[in-house]
Amino acid sequence: QKKVRRIGGKAEIPIDVRVIAATNRDLLEEVRAGRFREDLYFRLAVLVLKVPPLRDREGDVGLLLQKFLDKLNQDMKAQSGGVHKNFSAGAKNLLQRHTWPGNVRELEATLLRAYVWSKGPTIDENDVREALVQNPSKPEHDVLGRQLGDGFRLEELLADVARHYLGRAMS
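Concerning the packing of helix H3 (residues 58–80) against helix H4 (residues 89–97)
Inference 1: Axis separation between H3 and H4 bottoms out at 9 Å; the angle between their running directions is 125°. With respect to each other, H3 and H4 are oriented oblique. Relative to H4, H3 is oriented so that their crossing is right-handed. Each of Val 61, Gly 62, Leu 65 and Gln 66 in H3 lies in contact with H4, whose residues at this interface are Lys 92, Leu 95 and Gln 96.
Inference 2: Looking at side-chain class alone, the contact of H3 with H4 contains three nonpolar, three polar and one charged residues.

Put into structure tokens, the structure is as follows:
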């Protein structure tokens, strides 16, 4: 009805709002399991945008790496006249191979750590290895424990397994 009344108030106040909500959970599954109110879901799910995780958008990683590095170079130069830094080929390859379970926030935080901890103008592979944080909640490659259902794709699982072992072989 586009009106609210403050608690204890007598007058209605006209409002015009839009609610933008985000989650990394499948809300329909949460509704089915009784962990999310169905009426609230249908009020919120007017326009649903599904953004795939960073691990499924390989081309975006390189673009984000460059964007964050440019911003760090600019910020550090403005603050302290810092050294302009670049990636070594090995560092960039390692960053692009990582699965980024924490998505863009993890990528940005990892890059900041590598930038600060690196000595000299080049962020190398060792700097990146030290900056990467292992996911504390579950093993990185829990192949047998993956959820089955709508999002399960055998081809992607096999590609993940192949990427994992190829990455280990190249390290």
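As for the pattern of salt bridges
Between side chains of opposite charge, a pair can form when the charged atoms approach closely.
Inference 1: Taken as a whole, this structure holds 10 salt bridges when the rule is applied.
Inference 2: The residue Asp 60 makes a salt bridge to Arg 57 at a minimum N-O spacing of 2.8 Å.
Inference 3: Given the relative accessible area of 29%, Asp 60 is considered partly exposed.

Some remarks on H4
Inference 1: Listing the buried residues of H4 in full gives Ala 91, Leu 94 and Leu 95. Buried residues of H4 fall within an arc of 100° about the axis and therefore sit on the same side.
Inference 2: The secondary structure elements touched by the buried residues of H4 are H3, strand E3 (86–87), helix H5 (103–117), strand E4 (122–123) and helix H6 (125–131).

Some remarks on the environment of Leu 94
Inference 1: Here Leu 94 is to be found in helix H4.
Inference 2: When its relative accessible area of 11% is taken as the criterion, Leu 94 is described as buried.
Inference 3: Separated by 35 residues in sequence, Leu 94 and Arg 129 place their C-alpha atoms 8.1 Å apart.

Notes on the nonpolar core
Inference 1: Membership of the largest hydrophobic core comes to 20 residues, with the highest contact counts inside it found for Phe 87, Trp 100, Leu 107, Leu 111, Ile 123 and Val 128.
Inference 2: Where this core is concerned, the elements lending two or more residues are H3, H4, H5 and H6.
Inference 3: Element by element, the count of residues in this core is highest for H3, at six residues.
Inference 4: In this structure, Leu 107 is in contact with Leu 54, Leu 64, Leu 65, Phe 68 and Trp 100, ignoring residues within four places of it in sequence.

The rules behind the values
Residues numbered from 1 in each chain as written. Predicted model: local features only at pLDDT ≥ 70, side-chain atom pairs only at ≥ 80, totals over all residues. Heavy atoms only, no water. Axes fitted to C-alpha atoms, helices over the stretch in contact; angles between N-to-C directions. Helix = DSSP H or I, 4+ residues; strand = E, 2+ residues; numbered from the N terminus. Parallel < 35°, antiparallel > 145°, perpendicular 65-115°, else oblique. Left-handed = near helix turned anticlockwise from the far one by under 90°. Contact = heavy atoms within 4.5 Å. Nonpolar A, V, L, I, M, F, W, Y, C, P; charged D, E, K, R; others polar. Salt bridge = Lys/Arg side-chain N within 4 Å of Asp/Glu carboxyl O. Buried < 20%, exposed > 50% of the residue type's maximum accessible area, 1.4 Å probe, protein only. Arc of directions from axis to C-beta. Core = buried A, V, L, I, M, F, W, Y, C linked by side-chain atoms within 4.5 Å.

Bear in mind that shape data such as this cannot, by itself, settle questions of function.
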